[in-house]
Every structure is written in C-alpha cells, then in structure tokens.
Amino acid sequence: MVIETNSPEETFRTGKELGEKAVPGQVFTLTGDLGVGKTVFTQGLAKGLGIEEPVNSPTFTIVQVYDGGRLPFYHFDVYRIGDVEEMDEVGFEDYVMGDGVSLIEWANLIEEILPEKRTDILIEKDLERGFDYRRITIDQTR
Ligand code: ADP
Ligand code: MG
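Residues numbered from 1 in each chain as written. Chains lettered and ligands numbered in written order. Predicted model: local features only at pLDDT ≥ 70, side-chain atom pairs only at ≥ 80, totals over all residues. Heavy atoms only, no water.

1. Considerations on the packing of helix α1 (residues 8–21) against helix α2 (residues 38–48)
Thought 1: With their axes 6 Å apart at the nearest point, α1 and α2 run at an angle of 40° to one another. Regarding the angle of α1 to α2, the classification is oblique. When you trace α1 past α2, the crossing you get is right-handed. Residues P8, T11, F12, T14, G15, K16, L18, G19 and E20 of α1 form the contact with α2, whose own contacting residues are V40, F41, Q43, G44, L45, K47 and G48. (Axes fitted to C-alpha atoms, helices over the stretch in contact; angles between N-to-C directions. Helix = DSSP H or I, 4+ residues; strand = E, 2+ residues; numbered from the N terminus. Parallel < 35°, antiparallel > 145°, perpendicular 65-115°, else oblique. Left-handed = near helix turned anticlockwise from the far one by under 90°. Contact = heavy atoms within 4.5 Å.)

2. Examining the side chain of K38
Thought 1: Within the secondary structure layout, K38 lies in helix α2.
Thought 2: The buried charged residue K38 lacks any salt bridge, with E105 as its nearest oppositely charged partner at 4.8 Å.
Thought 3: When neighbours within four sequence positions are excluded, K38 is seen to be in contact with L30, T31, G32, D33, E105, W106 and I123. (Buried < 20%, exposed > 50% of the residue type's maximum accessible area, 1.4 Å probe, protein only. Lys, Arg positive; Asp, Glu negative; His and termini not counted. Salt bridge = Lys/Arg side-chain N within 4 Å of Asp/Glu carboxyl O.)

3. Things to note about α1
Thought 1: The end-to-end C-alpha distance of α1, which contains 14 residues, comes to 20 Å, matching closely the 20 Å that a straight helix rising 1.5 Å per residue would cover.
Thought 2: Those residues of α1 that fall on the buried side of the exposure criterion are T11, T14, G15, L18 and G19. What you see down the axis of α1 is that its buried residues fit within an arc of 135°, all on one side. Along α1, exposed side chains directed more than 90 degrees from the buried face belong to E9 and K21.
Thought 3: As for α1, its buried residues are in contact with β1 (2–5), β2 (27–31), α2, β6 (119–125) and β7 (134–140). (Expected span 1.5 Å × (residues − 1). Arc of directions from axis to C-beta.)

4. A closer look at the sheet that holds β2
Thought 1: Spatially, 7 strands are ordered β1-β7-β6-β2-β5-β4-β3 in an open sheet, and the strand pairing comes out mixed. One side of each edge strand has no neighbouring strand; the edge strands of this open sheet are β1 and β3 (63–66). Within the sheet, the average angular offset between the axes of one strand and its neighbour, ignoring direction, is 20°.
Thought 2: Sheet topology places β2 next to strand β5 (residues 101–105); 4 bridges connect them, and they run parallel. Paired with T29 across the two strands is I104, which belongs to β5.
Thought 3: Strands in contact with α1 are β1, β2, β6 and β7; relative to β1, the strand with the most contacts, it is inclined by about 145°. (Pairing = 2+ DSSP bridges.)

5. Notes on the pattern of salt bridges
Pairs may arise between side chains of opposite charge once their charged atoms sit close together.
Thought 1: Enumeration according to the criterion identifies 7 salt bridges in this entry.
Thought 2: Here E4 and R129 are joined by a salt bridge, their closest N and O atoms 3.1 Å apart. Placement of E4 in strand β1 and of R129 in the loop between β6 and β7 is noted, with a sequence separation of 125 residues between them.
Thought 3: Given a relative accessible area of 42%, E4 falls into the partly exposed group.
Thought 4: R135 is paired through a salt bridge with D126; the nearest N and O atoms lie 3.6 Å apart.

6. Side note on the environment of F28
Thought 1: By the element assignment, F28 lies in strand β2.
Thought 2: Note on F28: relative accessible area 0%, which makes it buried.
Thought 3: Taking the C-alpha atoms as reference, F28 lies 9.4 Å from K117; in sequence the two are 89 residues apart.
Thought 4: The contact partners of F28, leaving out residues within four places of it in the chain, are L18, A22, L45, V101, S102, L103, I104, T119 and I121.

Pasting the structure below:
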C-alpha cells in the first residue's frame with residue numbers, strides 16, 4: 001500500500017491511523033533517510049496507541065519503552081548497533097515476542113533477527129513532487 005503526504009501533519013495522521021489499528025505483538029520496521037519524517041510518523045503512531053508522553057528518537061539507548069498507552073510501545077533505534085548480538089543484551093527477542101507494539105528504525109541493520117511477520121514502512125522524498133511530498137510504502141510481509 002502506498003500513501004502520499006504533503007505535510008508533516010498528514011504523515012503524523014498516517015502513523016496515528018496505524019497506531020489505532022495496531023494489535024498486540026505487531027512489529028513495524030521504519031526505513032528512510034535522515035529528515036524524511038520517521039520521527040513525525042513514530043509520534044503519530046504513538047499517539048494512535050494513546051501515548052501522551054513526548055516521543056523522540058531514543059538517542060542514548062537502543063530501546064525506549066512507553067507504557068502509557070492502550071498497548072506498551074517499544075521504540076527501537078538500532079542505528080548505532082555494532083553487532084546483532086547487542087540486541088540480545090537489550091532483550092530484543094522478549095520485546096518482539098511480547099504483547100506490546102514494536103517499531104524498529106534502521107531495521108535493515110538487524111535483518112537476520114527480524115521476525116518474519118512484520119509491517120515494513122518506507123518513507124521517501126521525491127523532490128520533483130515538492131519539498132514536503134513524502135511517499136509512504138506499507139508492506140505486510142505475510
Ligand atoms: P527523521 O526522523 O526521518 O530524521 P523527522 O521526522 O525528524 O525526520 O523530520 C522530518 C522533517 O521534515 C520535519 O522537519 C518535518 O516538518 C518535515 N516535513 C515536511 N514535509 C513532511 C511530510 N510530508 N511528512 C513528514 N515530515 C515532513
Ligand atoms: Mg528521527
């Protein structure tokens with residue numbers, strides 16, 4: 001499925017709709033270049049889960065846990081990961097197998113340990129269609 005947006009608000013709303021529909025154990029991956037809107041999308045998704053706390057990128061930790069919503073939300077940013085084994089240390093498996101909703105930024109870096117059943121999200125710009133244009137591709141793996 002492809003959704004096109006032309007403002008941060010629309011991207012937020014796309015994330016929010018997915019958050020409202022998210023089910024226990026659902027795993028999202030989120031891929032896209034710096035400044036494309038991954039944080040905006042994630043903030044929308046958290047809002048859709050009923051989380052009122054501010055959500056930002058987990059700068060100093062690999063995972064940030066938000067318990068204030070309808071389901072627990074596990075926000076991963078694995079950009080700084082050196083080796084997939086570091087994911088064992090943070091308990092990745094337990095989060096992903098648990099009843100919360102996981103969202104993993106830079107998931108391509110840990111491809112070999114991703115669950116087979118995922119919702120993959122790719123956000124891309126297309127400058128020919130304007131500075132604020134974003135194409136959001138949502139793929140259910142199975
Ligand atoms: P990332 O987390 O991918 O690095 P951010 O979400 O932090 O990116 O930033 C996205 C930036 O792009 C924000 O400054 C936002 O206002 C701007 N922006 C412009 N148009 C859009 C759009 N359609 N969707 C999302 N963000 C947009
Ligand atoms: Mg970000």
